[in-house]
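# Structural description and commentary
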Amino acid sequence: RCLTTDLDERLDGAKWASDSKTYYFGFPKNGKRVIFKGSIDNSTFTSIIDKEASVGRPSMAANKLAFTMSTPTSPNEIYLTADNGKTVTQLTNEASEWLKNKTLSKTESFWFPSFDGTTVQGFISEPSDFAAGAKGPVIHRIHGGPHGAFGYGYTDMNEILTGKGYAVISINPRGSSGYGQKFSDGTYQAWGGGDYQDLMKGMDYALEKYAFLDKDRMGVTGGSYGGFMTNWVVTQTNRYKAAVTSASVSNLISFYGTSIYPDLIETEFGGMPWDNYALLWHFSPMAHIKNVTTPTLIIHGENDMDVPITQGEEFFIGLKKMGVPAKFIRYPNEGHGFTNPKNRLHNTKQLLSWFEQYLK
């Protein structure tokens, strides 16, 4: 018996309470991650933790609920409640010493109407030292998935970028989680369709709303599906002066036969690729490589089985043949998301250097 049919959300991490009649679960909601409580007796749900924050999966013991929680100005700490969220106690304070002498960015949410009237959410993180009346460079970050989402949580990359003087725009286009299933289905058979238009409309809105953003010094970056979309963006527009694409898909046809996730293409594009080659090629950045003028840094792990490094190789060779400034950095022994601290540091320095070269 499905207890949560009436909830149009992507639920996870359910835990039973000790009475075996109620349970707790989390889900993304409008840029937040929240915890709700349900009962086996009905389909009504009670909000337990619903803040402008990112809450981890709940853990239950002796009628106490423990969870991690992060905000834009605080990395994850552990919290506890014994009265269904009325009183919340912070158990750890691991980040306080680390953050004591640091100035963090200011992050806020904004909403805008997209090309078809759909309302879409975005976030902006501002450097703390923008001079009044001055304009500063902008980095447009694109999340993975396509069903991931940005939100109200601490993000180290945002702080690295804002610390170097960049404003950061993060938009949750159709396909993102936390806005209902219809919105999440918005990328079906169209990676690079409505999602791309949402991203461009969101950037237009941000440039109009925040006068300190310099439209002539914009960069774009993302990993995995965010890398795919970064590749797609530079084949569709030259408004960005630099791009950094990580673990990216460039050819949806060859991706199908080399990734450990062939069912991703079957699910996202509605069938077997050999019945769909025209559609897959249309939405492959490689099909539009001749349009690219944006200097592009390509980053990929040699052991990436999710998105094999051949995807980065295809895009790199295409850019070089077209005479586009391009650099390809390969990381041995790294997969889909880096784990070696030295490689992560090197990767970050290379990203900053690329944007410094073309945006500063």
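In what follows, the accompanying structure is described.

The rules behind each value
Residues numbered from 1 in each chain as written. Predicted model: local features only at pLDDT ≥ 70, side-chain atom pairs only at ≥ 80, totals over all residues. Heavy atoms only, no water. Phe/Tyr/Trp six-rings, centres within 6.5 Å; stacked < 30°, edge-to-face > 60°. Buried < 20%, exposed > 50% of the residue type's maximum accessible area, 1.4 Å probe, protein only. Helix = DSSP H or I, 4+ residues; strand = E, 2+ residues; numbered from the N terminus. Pairing = 2+ DSSP bridges. Core = buried A, V, L, I, M, F, W, Y, C linked by side-chain atoms within 4.5 Å. Contact = heavy atoms within 4.5 Å. Axes fitted to C-alpha atoms, helices over the stretch in contact; angles between N-to-C directions. Salt bridge = Lys/Arg side-chain N within 4 Å of Asp/Glu carboxyl O.

### Topic: the packing of aromatic side chains
- According to the stated counting rule, one finds 26 aromatic pairs in the structure shown.
- Here Phe110 and Phe112 contribute two aromatic rings whose centre-to-centre distance is 6.3 Å and whose plane-to-plane angle is 35 degrees, an arrangement assigned as tilted.
- Residue classification places Phe112 among the buried positions, given a relative accessible area of 1%.
- Between Phe110 and Tyr205, the ring centres sit 5.7 Å apart and the planes meet at 20 degrees, which makes this aromatic pair stacked. Separated by 95 residues along the polypeptide, Phe110 in strand β10 (residues 106–113) and Tyr205 in helix α4 (residues 194–209) bring together distant segments of the chain.
- Given a relative accessible area of 2%, Phe110 falls into the buried group.

### Quick notes on the pairing of strand β11 (residues 119–126)
- Across the eight residues that make up β11, a large majority, seven, are buried.
- Of the pairings in the sheet, the one linking β11 to strand β13 (residues 167–172) comprises five bridges and is antiparallel in character. Its bridge partner lying in β13, Gly122 is registered against Ile171.

### Details of the nonpolar core
- Grouped together as the largest cluster of nonpolar side chains are 52 residues, with contacts concentrated most on Ile169, Leu213, Met229 and Leu252.
- If near-sequence neighbours (up to four positions away) are discounted, Leu252 is found in contact with Trp191, Phe228, Ile265, Phe269, Leu280, Phe283 and Ser284.
- Counting residues in each nonpolar core, the second largest holds 17 residues, with Leu161, Ala242, Val244 and Ile299 among its members.

### Here's the deal with the sheet that holds strand β16 (residues 296–301)
- Read from one edge to the other, the open sheet built from eight strands follows the order β10-β11-β13-β12-β14-β15-β16-β17, with strand pairing classed as mixed. Across the chains shown, the open sheet's two edge strands, defined by having one partner strand only, are β10 and β17 (326–331). Strand-to-strand twist across the sheet, computed as the mean angle between neighbouring axes with direction ignored, equals 20 degrees.
- Where helix α9 (residues 310–321) meets the sheet, its contacts fall on β16 and β17, and the angle it forms with β17 comes to roughly 160 degrees.

### As for the pattern of salt bridges
- Within this structure, the stated rule accounts for 14 salt bridges.
- Among the ionic pairs, Arg239 bridges to Asp204, the shortest N-O distance being 2.7 Å. A residue pair is termed long-range when its members are at least 10 positions apart, and Arg239 in the loop between α5 (225–236) and β15 (242–246) and Asp204 in helix α4 qualify at 35 residues.
- Overall, the relative accessible area of 37% leaves Asp204 in the partly exposed class.
- A salt bridge links Lys215 to Asp216, with the nearest nitrogen and oxygen atoms 3.4 Å apart.
- You can call Asp216 partly exposed: its relative accessible area is 49%.
- Here the salt bridges share partners, and the residues they tie into one network are Asp12, Arg33 and Arg57.

### Here's the deal with the pairing of strand β3 (residues 32–39)
- Most of β3 sits out of view: six of its eight residues are buried.
- Of the strand pairs in this sheet, strand β2 (residues 22–29) and β3 are connected by eight bridges, and their pairing is antiparallel. Bridged to Lys29 within β3 is Lys32.
- Linkage of β3 to strand β4 (residues 45–49), two consecutive antiparallel strands, is achieved through a turn of five residues.

### A word on unusual backbone geometry
- Geometrically, the link from Gly145 to Pro146 is a cis peptide bond, its omega value of 20 degrees lying close to zero.
- Position of Pro146 among the secondary structure elements: in the loop between β12 (136–142) and α2 (156–163).
- One non-glycine residue, Asn30, lies in positive phi territory at about 50 degrees.
- Classification of Asn30 by relative accessible area gives partly exposed; the value is 31%.
- A positive phi angle is found at Asn63, which is not glycine, with a value near 65 degrees.
- Tracing the chain through its elements places Asn63 in the loop between β6 (59–61) and β7 (64–71).

That's the geometry; what it means functionally is another story.
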